[in-house]
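Breakdown of the fold
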Amino acid sequence: ELKVEQNPLFLSMQEGKNYTIYCNYSTTSDRLYWYRQDPGKSLESLFVLLSNGAVKQEGRLMASLDTKARLSTLHITAAVHDLSATYFCAVDRDKFYFGSGTKLNVKP
Amino acid sequence: EPEVTQTPSHQVTQMGQEVILRCVPISNHLYFYWYRQILGQKVEFLVSFYNNEISEKSEIFDDQFSVERPDGSNFTLKIRSTKLEDSAMYFCASRLQGSNTIYFGEGSWLTVV
C-alpha cells in the first residue's frame, strides 16, 4: 500500500521566519495535493500539483513536486499567526492517501 | 460555488446504536467517497463509490459499514452497531469524472458514548 510520510509532525515557529514541510510517498504518482485543516474543521484545498516540477504559490505558501524523488514540499515564507493550522499532503492513486499531517503553530 | 453538504454536523450516539451519516455530493459528480479522521490523527480512506456500487473499500470498512445512494442526490454511510472507536470526524467527498479535484464536505463529527 502507498505510504505518505510528512515531516515534521509538529512545527513551532516565530512570525517572520521561513520553513519547509516535506511530504514523501512510496509509489509513483503524478498527483499531489496540499490541504489545510483548522481545529474541528474540514479540509481546505491549498494546492493541486499534477506534474513533475510543478510549483504553485499562494500568498506566503509555495508548493512543489518532484515525482522522481517522490517528494513534495510546502514552503512557508515570513510566517504569520494566521497560518497556524494542520497541513496535510495527499497522494492520489484513484483514492487519496493522506500524510499524518504537520501541526504548525506560528507564535506572534 | 458548489459544495458537498453533510448532515448532521455533530451526533452523539450510544454504543451499539445504528448511525446514518448523510451527504449531498455536488450535483454532476459521479465519484463519491467517505473518509474518516479520528481526533488528532490523519485522514483515512473508507470507501469509494461509482456507478451505484462500491469501487474500493479499505480494511476499516468492515461488515458494520455500508453505503447507499438511495436517490439521485444523497449518499449515505451507515454504521450498524457503533463502537467507541468509531468516534471520529467522517468526511464525504465527491469528484467529477475526468477531474483531478476532489471536494470535501464539512464533516460529520460522531461521538460514541
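Refer to the preceding data block for the structure.
So, here is what we can say about the structure in this document. (Residues numbered from 1 in each chain as written. Chains lettered and ligands numbered in written order. Predicted model: local features only at pLDDT ≥ 70, side-chain atom pairs only at ≥ 80, totals over all residues. Heavy atoms only, no water.)

Now for the state of the cysteines. For the structure on display, the rule yields 2 disulfides over all chains. The side chain of Cys23(A) participates in a disulfide bridge whose partner is Cys89(A); the two sulfur atoms lie 2.0 Å from each other. Since a negative S-S torsion denotes a left-handed disulfide, the Cys23(A)-Cys89(A) link at about 80° is right-handed. Placement of Cys23(A) in strand β3 (residues 19-25) and of Cys89(A) in strand β9 (residues 85-92) is noted, with a sequence separation of 66 residues between them. Take Cys23(A) and Cys89(A): they sit in the same class, and that class is buried. The disulfide partner of Cys23(B) is Cys92(B), and the S-S distance across this bridge is 1.9 Å. A torsion of -65° about the S-S bond marks the disulfide between Cys23(B) and Cys92(B) as left-handed. Of this pair, Cys23(B) sits in strand β3 (residues 19-24) while Cys92(B) sits in strand β9 (residues 88-95), and the two are 69 residues apart along the sequence. (Disulfide = S-S within 2.5 Å. Helix = DSSP H or I, 4+ residues; strand = E, 2+ residues; numbered from the N terminus. Buried < 20%, exposed > 50% of the residue type's maximum accessible area, 1.4 Å probe, protein only.)

Quick look at the sheet that holds strand β8 (residues 75-79) of chain B now. All names here are of chain B. Strand order in the open sheet formed by 4 strands is β1-β3-β8-β7, and the pairing between neighbours is antiparallel. In the strand order of this sheet, the two ends are held by β1 (5-7) and β7 (65-68), each with one partner. Ignoring strand direction, the axes of neighbouring strands in this sheet form an average angle of 20°. Relative to β8, β7 is paired through 4 bridges, and the arrangement is antiparallel. Along β8, the bridge assignment pairs Ser66 with Lys78. (Pairing = 2+ DSSP bridges. Axes fitted to C-alpha atoms, helices over the stretch in contact; angles between N-to-C directions.)

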